[in-house]
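In case you want the letters, here they are:
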Amino acid sequence: MNFSNKYIIGFALVICLVCSFAVSSLAVALKPKQDANRLLDQQENILRVAGLHQGSSHPTPEEAVRLFESVTTWQVDRATGAMTKLDAFAPAKQMIDAAKDPAASAATTSEAARGAQIRRTPNQLLVYEVTAPGKEAWVLPIWGNGLWSTMYGFLAVAPDFSAIRGITFYQHGETPGLGGEIDNPTWRAQWPGKHLRDADGKVVIEVVKNGNVRDASRQVDGISGSTITSRGVSHTVRTWLGEEGYGAWMESQVKEGKK
Amino acid sequence: MNKDTKEILVGPLLLKNPITYQVLGICSALAVTTQLKTALVMSLALTAVTTFSNLAISLVRNRIPGSIRVITQLAIIAALVIAADQVMQAYLFDVSKQLSVFVGLIITNCIVMGRAEAYAMANPPLKSALDGFANGAGYSLILISVAVVRETFGSGKLLGYELAPTVTNGGWYVPNGLMILSPGAFFLIAIFIWVQRSISKSMQEKE
């Protein structure tokens, strides 16, 4: 069949219009539901790392709202440690986006940041304060690279920064069964209770190669067969706890506590 | 059901299976088969996309100019894939997080393009939709079989349910690392192809 050039261009135009109309209307129609999913997923992970929600089931949106009554969102100035209370929950995405904006972030130079391939950290950080009785903790959004992917997660620390309360990753693309074992509850159970900084404020927590734990009070055993992922987690945690992350804020909080 | 329809439906499941007979679409068969759950969702998404892309392309087949044939097919397929991805993000959030880029990669899956070009361009809509569905089902059959073997031996689990407690969880089962990594899927698919070619002699090449 022979078609004229006019017909061909017209046909291509019509196909493009029909397809783009279908795709964009579907995307717009489903957006509220997708955003709600993402928000609930973030909240669930914060609740889990803080120990407010357990088990394999997901909390319903109503449950999440109820549990979140004991969580306060703070914005923290990275350089000074000054805190501003936010009226509503802000997802970690806000921080992740800020890190991509040269005006709202600073380039990193530390060895740990290079190890986790964190090129920039945002000037304004987010901190979730959990005030539920017996579960008091700070929950900090963290991210960094493992072997294949950027691992996004949360780190929960004790109110006085004496110990880790828990760690969780809500998004990563590490090999299932190897690096993917960072999701394994047994491996994550090693974290609670580890010391994160010494008396001088130096970051001491680290993940070591599988089977090489010398000092169990501050070292986490790496995952066997996933040395690079384990190292990535170590560098990630150390970057965020250091001066390029929450270091200044923790220091100011400790000082305030001593007063 | 007449003989013709039966042939369209059953052929791609076994003897003319897109993966083991035509060796198409094995890229995703390696990537998403470490767990049964992701394989199931990928199968559903791909079957839906091939069915509807075949239907849509067949409907307009007489109007598609030959010179922009492939790009037209691609536009229709891409729109359907984005639709599938959006629906999954709204209703199957957990799994869509795990599948991430692989849903988008359905666009490049050779089966979808292959069926559109080889079948839907020359056959009426209903038959084309059936053909797309059957090829999707054939792909699913292999994908699910591979995933069952890989998850069972690679993680000691099935659909996340523990079959054998693994060493990392304090059990006795040492997971098979080969099954977790991509080469494991290659070996499994090769075994399937071997079995199939041993059964149907017509596919064996003369020496």
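Residues numbered from 1 in each chain as written. Chains lettered and ligands numbered in written order. Predicted model: local features only at pLDDT ≥ 70, side-chain atom pairs only at ≥ 80, totals over all residues. Heavy atoms only, no water.

> Any chance you could explain the overall build of chain A here in plain terms?
Counting secondary structure elements, chain A contains seven helices and ten strands. Out of the 259 residues belonging to chain A, those deemed buried represent 47%. Residue pairs at least 24 apart in sequence account for 55% of intrachain contacts in chain A once pairs closer than 6 positions are excluded. Of the roughly 13,000 Å² that chain A leaves accessible, carbon and sulfur atoms contribute 56%. On chain A, the mean spot of the 27 positive side-chain charges and the mean spot of the 26 negative ones are 4 Å from each other. (Helix = DSSP H or I, 4+ residues; strand = E, 2+ residues; numbered from the N terminus. Buried < 20%, exposed > 50% of the residue type's maximum accessible area, 1.4 Å probe, protein only. Contact = heavy atoms within 4.5 Å. Areas by Shrake-Rupley, 256 points an atom, 1.4 Å probe, with all protein chains shown as cover. Lys, Arg positive; Asp, Glu negative; His and termini not counted. Charge placed at Lys NZ, Arg CZ, Asp CG, Glu CD.)

> Would you mind showing me how to read empty space enclosed by the protein here?
Over the atoms rolls a probe the size of a water molecule, and its path tells where empty space is left. All names here are of chain B. Taken as a whole and judged by the stated rule, the model has one cavity of 30 Å³ or more. Each pocket or cavity is described by its volume, and for the largest cavity that value is around 30 Å³. Residue assignment for the lining of the largest cavity shows that the elements contributing at least two residues are α8 (125–155) and α9 (177–180). Here the lining of the largest cavity is composed, by residue class, of three nonpolar, four polar and one charged. (1 Å grid on protein atoms, 1.4 Å probe; cavity = no way out; pocket = protein on both sides within 12 Å on 5 of 7 lines; lining within 4 Å. Points joined across faces, edges and corners; volume = space filled by probe spheres on them. Nonpolar A, V, L, I, M, F, W, Y, C, P; charged D, E, K, R; others polar.)

> What should I look at first to understand the nonpolar core in this one?
Soluble, globular proteins show a tendency: their nonpolar side chains are buried together. Residues Trp191(A) and Val233(A) are the most contacted members of the largest nonpolar core, which totals 56 residues. By residue number, the principal contributor to this core is strand β7 (residues 150–157) of chain A, which donates six residues. Every residue in contact with Val233(A), bar those within four places of it in the chain, is listed here: Met151(A), Ile167(A), Phe169(A), Ile182(A), Trp187(A), Trp191(A) and Val207(A). Counting 45 residues, the second-largest nonpolar core is a separate cluster that includes Ala29(B), Leu30(B), Leu46(B) and Ala120(B). (Core = buried A, V, L, I, M, F, W, Y, C linked by side-chain atoms within 4.5 Å.)

> Explain the packing of aromatic side chains here, please?
Residue and element names in this part refer to chain A. What the rule picks out here adds up to 15 aromatic pairs over all chains. When the centroid spacing of 4.7 Å and the interplanar angle of 55° are considered together, the rings of Trp143 and Trp240 count as tilted. Of the two residues, Trp143 sits in strand β6 (residues 137–145) while Trp240 sits in helix α6 (residues 227–241), which places them 97 residues apart along the sequence. No difference in accessibility class separates Trp143 from Trp240, as the two residues are buried. Geometrically, the ring pair formed by Trp187 and Trp191 is edge-to-face, given 5.8 Å between the ring centres and 75° between the ring planes. Classification of Trp187 by relative accessible area gives buried; the value is 8%. Taking relative accessible area as the criterion, Trp191 reaches 1% and is therefore assigned buried. An aromatic cluster is defined as three or more aromatic residues linked by ring pairs; in this entry it consists of Phe68, Phe89, Tyr128, Tyr152, Phe154 and Tyr170. (Phe/Tyr/Trp six-rings, centres within 6.5 Å; stacked < 30°, edge-to-face > 60°.)

> Looking at this structure, I do not really get the pairing of strand β5 (residues 124–130) of chain A. What am I missing?
All names here are of chain A. Counting buried positions along β5 yields five of seven residues, so the element is predominantly enclosed. Examined bridge by bridge, strand β1 (residues 71–77) and β5 share seven bridges and lie antiparallel to one another. Counted as the bridge partner of Gln75 is Leu126 from β5. Here β5 pairs with β6 via three bridges, running antiparallel. If you follow Tyr128 over to β6, its bridge partner there is Val139. (Pairing = 2+ DSSP bridges.)

> I'm lost on the interface of chain A and chain B in this one. Help?
Buried accessible area, meaning the area lost when the parts come together, often serves as the stated size of an interface. Chain A puts 26 residues into the contact, and the matching count from chain B is 26 residues. Roughly 2,300 Å² is buried in total at the junction of chain A and chain B, and carbon and sulfur atoms are behind 67% of that figure. The tally of links from chain A across to chain B stands at zero salt bridges. The tally of links between chain A and chain B comes to six residue pairs in polar contact (both at pLDDT 80 or more). With 15 residues, the single largest contributor to the side of chain A that touches chain B is helix α1 (residues 5–49) of chain A. Here the side of chain A that touches chain B is composed, by residue class, of 15 nonpolar, seven polar and four charged. (Buried area = accessible area lost by both parts, 1.4 Å probe. Salt bridge = Lys/Arg side-chain N within 4 Å of Asp/Glu carboxyl O. Polar contact = N/O pair within 3.5 Å; in protein donor to acceptor, adjacent residues only side chain to side chain.)

> Any chance you could explain the pattern of salt bridges here in plain terms?
When the charged atoms of two side chains lie near each other, side chains of opposite charge can form a pair. Residue and element names in this part refer to chain A. Scanning all chains against the criterion turns up ten salt bridges over all chains. Where Lys31 meets Asp35, a salt bridge forms, and the shortest distance between an N and an O atom there is 3.1 Å. In this pair, Lys31 and Asp35 both sit in helix α1, four residues apart, roughly one turn of the helix. With a relative accessible area of 44%, Lys31 lands in the partly exposed category.

> Which parts of the structure should I look at to understand a nonpolar patch on the surface?
All names here are of chain B. There is a patch of nonpolar side chains on the surface, built from Val10, Leu14, Leu15 and Leu141 and spanning about 360 Å² of accessible area. Inspection of the secondary structure assignment puts Leu141 in helix α8. Classification of Leu141 as partly exposed rests on a relative accessible area of 40%. (Patch = residues over 30% accessible without salt bridge, like charges linked within 9 Å, V, L, I, M, F, W, Y side chains within 5 Å.)

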